[in-house]
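Close look at the chain arrangement
What follows is each chain in one-letter form.
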2 protein chains.
Amino acid sequence: MERAIPDIVVGRLPHYLRALQHMSLEGRRLTSSQELSERLGISAAQIRKDLSLFGEFGKQGTGYQIDYLLNQLRQILKVNQIWDIALVGAGDMGSAIARYQGFTDRGFRVVMIFDNDPSVIGSQIGPFTIQSTDELVVAIQSADVRIAMLAVPAANAQEVADMLVQAGIKSILNYAPISLNVPDDVHVQYIDPVIHLQRMTYYLE
Amino acid sequence: MERAIPDIVVGRLPHYLRALQHMSLEGRRLTSSQELSERLGISAAQIRKDLSLFGEFGKQGTGYQIDYLLNQLRQILKVNQIWDIALVGAGDMGSAIARYQGFTDRGFRVVMIFDNDPSVIGSQIGPFTIQSTDELVVAIQSADVRIAMLAVPAANAQEVADMLVQAGIKSILNYAPISLNVPDDVHVQYIDPVIHLQRMTYYLE
DNA sequence: TAGATTGTTAATCGATTAACAATC
DNA sequence: TAGATTGTTAATCGATTAACAATC
């Protein structure tokens, strides 16, 4: 069996992709591990080593063709397609996520929104009608959605996560400030601003 | 000189703190590295080792007193106080952050909001009047704020970051999907949902 | 050609884990 | 006491870096 790619390497690839996408938008054609290193604060050797796990994408003396490497990375990360996302929670955070314009050109789009508050169910956020959480499992199953974003209060997050798992969701981006219990084949990533803030206050006097 | 605490350890402490805070709210009194391990998906040995870098907080045979460890961790992370935060960007994301109720009991509060859009400057978000970005440097300096959250479009993020640095900000939580260049003594943490999503699509078939 | 930069190896560095004496 | 769990050591494991031959 092929050696698996370390998860820590997979975690850096989206950063490479993002930097390359910026460079491409700036009209740049070529870059180097050196330049990426400066932009990202990751050593040039590490960038070359990470990329070499997937193939030989550069040319000695020249560097990397930005658009070529961009497409390779998109394929590796499987974002050379648009993934549908189910969003649960239509409060302040959920609404902001629903309106966010930055998903589409990076491989994602929100396609359904759920909430359990009767006073918002049926109302619109942009092009979406907020659906009841009661419909969640069936709606996600029939649309064959694999990715969900969770923006509900911490107290409801585990319960909703269980429903998402039942619906066949395999990736959850969790905005609720709580650790989720899910089966091994379901991936969870966390966004909790306070975790980041507390990590920085350690270094403040 | 004392050996510095590895940054990766500092990064785990807020997770311990969050789990303990939940347990405390549940009315629990005692916990163990074993229990924390299960809740967090971090090995018990690692949790004990991390904590031991700061002192001896547990008792053999018994475990850790939740409230005691909670307070120790709050001291270590310096969140046994409330830190003021300047928020820049009053769009969808900025507004959602401004309204977020989850900061206060974890050591933070937003105290000022800036935007560069004349059509929103002067209007209110909750108790705050949105100020012009022109006032940012002076306002932050005179209030002696050290932490900022950045929720502006990527195109303006570096420019705003420069102003924040000029104003004396030492910690930036950046929601804009772009790497920032700041001096060595300024810490930056990033929140970009797409980075997390792309990391998970790698594992989807 | 001379200069630049990759891909890769081997060495280094650092983080994690296993194991257990100490002790509550 | 017997059982449980810490704090810590030493061993293991894995990630990062330095260095350079290959080559564009």
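Quick note: structure is the one above.
Presented here is a report on the structure given in the accompanying data block. These numbers come from a predicted model, not from an experiment.

About the thresholds
Residues numbered from 1 in each chain as written. Chains lettered and ligands numbered in written order. Predicted model: local features only at pLDDT ≥ 70, side-chain atom pairs only at ≥ 80, totals over all residues. Heavy atoms only, no water. Pairing = 2+ DSSP bridges. Helix = DSSP H or I, 4+ residues; strand = E, 2+ residues; numbered from the N terminus. Contact = heavy atoms within 4.5 Å. Axes fitted to C-alpha atoms, helices over the stretch in contact; angles between N-to-C directions. Buried < 20%, exposed > 50% of the residue type's maximum accessible area, 1.4 Å probe, protein only. Right-handed = clockwise from strand over helix to strand, strands pointing away.

This paragraph deals with the sheet that holds strand β9 (residues 147–150) of chain A. Residues and elements named next belong to chain A. Within the open sheet, the 6 strands sit side by side as β8-β5-β4-β9-β10-β11. Their pairing is parallel. Looking along the sheet, the strands with just one partner apiece sit at the ends: β8 (131–132) and β11 (187–190). As judged from the 4 bridges shared by strand β10 (residues 171–174) and β11, these two strands associate in the parallel manner. Bridge pairing in β11 places Leu 173 opposite Gln 189. Helix α6 (residues 136–143) contacts β4 (83–88), β5 (108–115) and β8 of the sheet and is inclined by roughly 160° relative to β5.

All right, on to the pairing of strand β5 (residues 108–115) of chain B then. Residue and element names in this part refer to chain B. By the criterion of burial, β5 is predominantly enclosed, with 6 of the 8 residues buried. Where strand β4 (residues 83–88) and β5 come together, 6 bridges link them in parallel fashion. Bridged to Val 88 within β5 is Phe 114. Note on the crossover from β4 through helix α5 (residues 92–99) to β5: the handedness is right-handed. Bridging between β5 and strand β8 (residues 131–132) involves 2 bridges; their strand directions are parallel.

Our focus in this paragraph is the pairing of strand β10 (residues 171–174) of chain B. All names here are of chain B. Of the two faces of β10, the one lined by Ser 171 and Leu 173 and the one lined by Ile 172 and Asn 174 are each fully buried. Here strand β9 (residues 147–150) runs beside β10; their pairing, made up of 4 bridges, is parallel. Each bridged residue has a counterpart across the sheet, and for Met 149 the counterpart in β10 is Leu 173. As a crossover connection, the stretch from β9 through helix α7 (residues 154–166) into β10 is right-handed.

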